[in-house]
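Chain by chain, the residues:
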Amino acid sequence: MASIEITNARKSYGAVDVLHGIDLDIQDGEFIVLVGPSGCGKSTLLRMIAGLEEITSGDIAIGGNVVNDLDPKDRDIAMVFQSYALYPHMTVAQNMGYALTLRKTAREKVSAAIDNVAGILGLNALLQRRPKALSGGQRQRVAMGRAIVRQPQAFLFDEPLSNLDARLREQMRTEIRKLHRRLGATSVYVTHDQIEAMTMADRIVAMYDGIVQQVGTPLEIYDRPANIFVASFIGSPAMNFLSGTCQITAQGCALILDDGTSIPFLAPPNVSNGQKLTLGARPEHIDIVGNGSAPSVPATVDLIEPMGLSTLVHVTLAGKPVKIFTLARPDLAIDSTIEIAFNMDKTHIFDSETELRLPRANEPFAAETA
Amino acid sequence: MSTPGKSRLRKTAYWGTHYLMIAAFVAFALFPLYWLLKVSVTPNDILYTEGVRMWPSRTTWDNYTFVLTQSHFPHYFMNSVIVSGFTALFTCIIAAVTGYAFSRFRFNGKIVIVALMLITQMFPLVMLIAPIFRILAPLGLTDSLTGLIIVYTAFNVPFATFLMQSFFDGIPKDLEEAAMIDGNTRFEAFRRIILPLTLPGIAATLGFVFTAAWSELLFALMLVSSESASTFPVGLLSFVSKFGVDFGQMMAAGVLALIPACAFFLLIQRYLVQGLTAGAVKG
């Protein structure tokens, strides 16, 4: 196993810059998840680590050796593709042993390695089948097995669960995580699914537009997002945003929305009167409160989505849609007006111009940002 | 609302019409072949006297015996096998490599090359015979099987390339990338992973080029003058004499000429119908 260091890595296709100088240190044995919307450059970065895309400038080192000019076959990494990329004309055993066979490993050793990994993944009964005779989940497992058999320096995963149905995806998520704990292999995992990122990562790398927006543990990223993009991308249902103008009075700070609604908030240091700010509140940090409880604001109920364990209430506040997550089962009428209150300790304040979060004065430490 | 009985009737009528139309088409397409066979076994003396009949009152193998033992046909036949076989082989090798490049790589001038290859397909062959003759004559390639193989290969490569490209396009890039990560160079990945999966495509291309070369008449007639280098389509013309056409022998030769083409397709049909890439990716 090895560490991976990426230093100022850039990628351009002609005049189009896809990655704008990525710096990332991945520790030995770490499980890193690159997450971001389509086209953010996360897959390109992964393919650059694999050697399937050339690096325009910068360095990528695996285990301390710069691999910029090495062919994929000389980098000693394994990759699991979204499409699984199993060789259709080979059996499961041949697929899994292909890399070892190419390295001229003795036949007994190859079959011992295959048997061992097949045991771990529960593939023993399928070894003589061809990929077309397997279900989606089984193919996924074979693709994982093919990577594990080699005992590579690092594992690369390119959205490996995207083609599975929800239940299987959840199951495989757990399995991959357990497998990582068992093997302790350095892993880089690409996904656009923020739930996968949150549940699997040791550290998340949130990317947008070819730039690393934030690197941090899942909870760091959830609790202290660096900017509006990260705040909106991580978390489901997504964070609510309300933009307005900062008003500082003797009683404290308030955000004045377009229609004059005033939402009080705990002011981060250095905000000034009249500054354009965006308030971000996760759905679970907004409460439905009874009349007269201060400080609350009125909102109109649009829709109620009961999900069993919880309920998602869609309301309109100052013309903007706002979602409220509650474990209670509120008895609300559509189009009725209710009072809602923001949990001031948990809401975030962003500068509307830079879109950066303004950390509160009492925060333990600022999250690592790019 | 329609009753179940009515809908079954409608279904039967639908499928009945369906099969009837297919049967009509097959009959239409195969009738000339049937006629070829019929005339080839009809004795010469009753060919014109019996009128139009679906099957002659007597049959004979004489035409076949004559064609095989007393005409130059076996020689023409061998020439055709050589020319078509090598043309198919060379075309496939070139088309596989070029098709792969077109499918997988982005390179300068790709569009120009594709356009040029398309343009070669636009001219009527008749226009090209004179210049090709002028090119081949000083090289000593007229009146030779080599010359024919070169010309056929050149003319078949563009179409075969596009055909092969579409087969490569159908094979996910991930497969060779996986192979390259597993330890193959790109060429090894092409040879060990992609080529085996393209066998149906190669078979189709081989079949297409083989039959095209097998039945080519124009160049074979114009570029070859000696009997020793003639191919069978030219040979068929030898049954046309000043005084008449020997239909029986000509048809017998025709039936014999069908055999290699049919055998070839029988050989490759396993690959033609095989969906070998099923299961490579999701689905």
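Reading the values: the criteria
- Residues numbered from 1 in each chain as written.
- Chains lettered and ligands numbered in written order.
- Predicted model: local features only at pLDDT ≥ 70, side-chain atom pairs only at ≥ 80, totals over all residues.
- Heavy atoms only, no water.
- Helix = DSSP H or I, 4+ residues; strand = E, 2+ residues; numbered from the N terminus.
- Rg over C-alpha atoms; globule rule 2.2 N^0.38 Å.
- Buried < 20%, exposed > 50% of the residue type's maximum accessible area, 1.4 Å probe, protein only.
- Contact = heavy atoms within 4.5 Å.
- Areas by Shrake-Rupley, 256 points an atom, 1.4 Å probe, with all protein chains shown as cover.
- Pairing = 2+ DSSP bridges.
- Core = buried A, V, L, I, M, F, W, Y, C linked by side-chain atoms within 4.5 Å.
- Domains from an automatic or database assignment.
- Buried area = accessible area lost by both parts, 1.4 Å probe.
- Salt bridge = Lys/Arg side-chain N within 4 Å of Asp/Glu carboxyl O.
- Polar contact = N/O pair within 3.5 Å; in protein donor to acceptor, adjacent residues only side chain to side chain.
- Nonpolar A, V, L, I, M, F, W, Y, C, P; charged D, E, K, R; others polar.
- Phe/Tyr/Trp six-rings, centres within 6.5 Å; stacked < 30°, edge-to-face > 60°.
- Lys NZ or Arg CZ within 6 Å of the ring centre and 35° of its normal.
- UniProt positions renumbered as here; feature names shortened; annotations may be inferred.
- Axes fitted to C-alpha atoms, helices over the stretch in contact; angles between N-to-C directions.
- Parallel < 35°, antiparallel > 145°, perpendicular 65-115°, else oblique.
- Left-handed = near helix turned anticlockwise from the far one by under 90°.

A.B. asks: Just checking my understanding: could you explain the overall build of chain B for this structure?
C.D. replies: Along chain B, the regular secondary structure elements total 12 helices and 2 strands. When the elements of chain B are put in sequence order from the N terminus, they spell out α-α-α-α-α-α-α-α-α-α-α-β-β-α. Against the compact-globule benchmark of 19 Å for 283 residues, chain B has a radius of gyration of 24 Å, which places it well outside the compact range. Along the first, second and third principal axes, the C-alpha atoms of chain B reach 80 × 70 × 30 Å. Burial analysis of chain B (283 residues in total) assigns 40% to the buried set. Counting contacts in chain B only where the partners sit at least 6 residues apart, residues at least 24 apart contribute 71% of the total. Accessible surface, chain B: about 16,000 Å² in total, of which carbon and sulfur atoms supply 72%.

A.B. asks: Looking at this structure, how should I read the pairing of strand β10 (residues 211-216) of chain A?
C.D. replies: For a regular strand, side chains alternate in direction, first toward one face of the sheet and then toward the other. Residue and element names in this part refer to chain A. In terms of residue burial, β10 counts as a mostly covered element, since 5 of its 6 residues are buried. Where strand β9 (residues 203-208) and β10 come together, 5 bridges link them in antiparallel fashion. Considered in β10, the bridge of Met207 is made with Val212. Counting the residues between successive antiparallel strands, the hairpin from β9 to β10 contains 2 residues, one of them, Asp209, with a positive phi of roughly 55 degrees.

A.B. asks: Sorry if this is basic, but what is going on with the nonpolar core here?
C.D. replies: When a protein is soluble and globular, its nonpolar side chains tend to lie buried together. The biggest cluster of nonpolar side chains holds 81 residues, and the ones touching the most others in it are A:Ile6, A:Ile22 and B:Ile193. Per element, the largest residue contribution to this core is 10 residues, and it comes from helix α9 (residues 186-214) of chain B. The residues touching B:Ile193, leaving out its near neighbours within four places in the chain, are A:Tyr87, A:His89, A:Met90, A:Tyr98, B:Leu175, B:Ala179, B:Asn184 and B:Glu188. Membership of the second largest hydrophobic core comes to 47 residues, among which are A:Leu127, A:Val149, A:Ala206 and A:Phe229.

A.B. asks: Please explain the domain arrangement of chain B as it appears in this structure.
C.D. replies: Interfaces are often sized by the amount of accessible area the parts lose when they come together. Residues and elements named next belong to chain B. What the domain assignment reports for chain B is domain 1 (4-62) and domain 2 (71-272). Facing the 8 residues of domain 1 at the interface are 9 residues of domain 2. For the pair domain 1 and domain 2, the two sides together bury roughly 640 Å², of which 75% comes from carbon and sulfur. Counting across the domain 1 and domain 2 interface gives 0 salt bridges. Summed over the shared surface of domain 1 and domain 2, the number is 0 residue pairs in polar contact (both at pLDDT 80 or more). Sorting the residues of the side of domain 1 that touches domain 2 by element identifies α1 (4-40) and α2 (44-47) as the ones contributing at least two each. In terms of residue class, the side of domain 1 that touches domain 2 is made up of 6 nonpolar, 2 polar and no charged.

A.B. asks: Which parts of the structure should I look at to understand the packing of aromatic side chains?
C.D. replies: Any two aromatic rings considered together are summarised by their centre-to-centre distance and by the angle between their planes. Taken as a whole, this structure holds 29 aromatic pairs over all chains when the rule is applied. Ring geometry for B:Phe210 and B:Trp214: centres 5.7 Å apart, planes at 15 degrees, overall stacked. Note that B:Phe210 and B:Trp214 are positioned in helix α9 at a spacing of 4 residues, about one turn of the helix. Look at B:Trp214 and you get buried, because its relative accessible area is 4%. Site record: aromatic cluster; members linked through ring pairs are B:Phe73, B:Phe77, B:Phe210, B:Trp214 and B:Phe232. Sitting over the face of the ring of A:Phe31, A:Arg177 holds its NZ or CZ atom 5.3 Å from the ring centroid. The cationic tip of A:Arg282 hangs over the ring face of A:Tyr222; the distance from NZ or CZ to the ring centre is 3.9 Å.

A.B. asks: Is there a simple way to explain the UniProt feature "transmembrane region" (unreviewed entry) in chain B in this structure?
C.D. replies: Residues annotated in UniProt with the feature "transmembrane region" (unreviewed entry) correspond here to residues 12-37, 76-102, 111-133, 145-168, 189-211 and 252-273 of chain B. Each end of residues 12-37 of chain B is marked by a C-alpha atom, and these two atoms are 35 Å apart; helix forms 100% of the span and strand 0%.

A.B. asks: How should the sheet that holds strand β14 (residues 276-281) of chain A be read in this particular structure?
C.D. replies: Working definition: the strands of a sheet are paired by backbone hydrogen bonds and lie parallel or antiparallel to each other. Residue and element names in this part refer to chain A. Overall, antiparallel pairing links the 5 strands, which are arranged β13-β12-β11-β14-β20 in an open sheet. Looking at the sheet topology across the chains shown, the edges are occupied by β13 (262-265) and β20 (348-351). Put simply, the sheet's adjacent strands are angled 45 degrees from each other on average, direction ignored. In this structure, β14 lies alongside β20, joined through 4 bridges in antiparallel fashion. Bridge pairing links Leu279 to Ile349 in β20.

A.B. asks: Quick question: what am I supposed to make of the pattern of salt bridges here?
C.D. replies: Side-chain pairs of opposite charge can arise whenever the charged atoms involved come near each other. With the rule as written, the count across this model stands at 14 salt bridges over all chains. For A:Glu30, the salt bridge goes to A:Arg203, with nearest N and O atoms at 2.5 Å. Residue A:Glu30 is located in the loop between β2 (16-26) and β3 (31-35), and its partner A:Arg203 is located in strand β9; the two are separated by 173 residues in the primary sequence. A salt bridge links B:Arg104 to B:Glu176; its shortest N-O distance comes to 2.8 Å. Here B:Arg104, found in helix α4 (residues 73-104), pairs with B:Glu176, found in helix α8 (residues 173-182); they are 72 residues apart in sequence, far enough to count as distant. B:Glu176 matches B:Arg104 in its accessibility class, with the two residues each being buried. Linked through salt bridges whose partners overlap, the residues forming this network are A:Lys11, A:Arg47, A:Glu53 and B:Glu177.

A.B. asks: Help me understand the interface of chain B and chain A, please; the structure alone is not making it clear to me.
C.D. replies: Opposite the 24 residues of chain B that make contact, chain A presents 26 residues. Here chain B packs against chain A, burying approximately 2,300 Å² in sum over the two surfaces, 60% of which is carbon and sulfur. The tally of links from chain B across to chain A stands at 2 salt bridges. The tally of links from chain B across to chain A stands at 11 residue pairs in polar contact (both at pLDDT 80 or more). Mapped onto the side of chain B that touches chain A, the elements with two or more residues apiece are α8 and α9 of chain B. Sort the elements by how many residues they give to the side of chain B that touches chain A and α8(B) lands first, with 8 residues. Its residues placed into classes, the side of chain B that touches chain A shows 12 nonpolar, 6 polar and 6 charged.

A.B. asks: Would you explain the UniProt feature "domain: ABC transmembrane type-1" (unreviewed entry) in chain B in this entry?
C.D. replies: As recorded in UniProt, the sites labelled "domain: ABC transmembrane type-1" (unreviewed entry) are residues 77-268 of chain B. In residues 77-268 of chain B, helix accounts for 78% and strand for 2%; the two terminal C-alpha atoms are 21 Å from one another.

A.B. asks: How should I be thinking about the packing of helix α2 (residues 92-102) of chain A against helix α3 (residues 107-121) of chain A in this particular structure?
C.D. replies: What describes two packed helices is the angle between their axes and the distance between those same axes. All names here are of chain A. Relative orientation of the contacting elements α2 and α3 amounts to 130 degrees, with a least axis distance of 10 Å. Between α2 and α3, the interaxial angle falls into the category oblique. Crossing handedness for the pair α2 and α3: right-handed. Only Val110, Ala113, Ile114, Val117 and Ala118 of α3 make contact with α2, whose side of the interface consists of Ala93, Met96, Gly97, Leu100 and Thr101. Partitioned by chemical class, the residues of the contact of α2 with α3 number 8 nonpolar, 2 polar and no charged.

A.B. asks: I tried to follow the side chain of A:Glu30 on my own but got confused; where do I start?
C.D. replies: All names here are of chain A. Using a relative accessible area of 10% as the deciding quantity, one classes Glu30 as buried. At 2.8 Å, the side chain of Glu30 forms a polar contact with the backbone nitrogen of Gln27. Those residues within four positions of Glu30 in sequence are excluded, and the remaining contacts are Asp25, His180, Ala185, Thr186, Ser187, Asp202 and Arg203.

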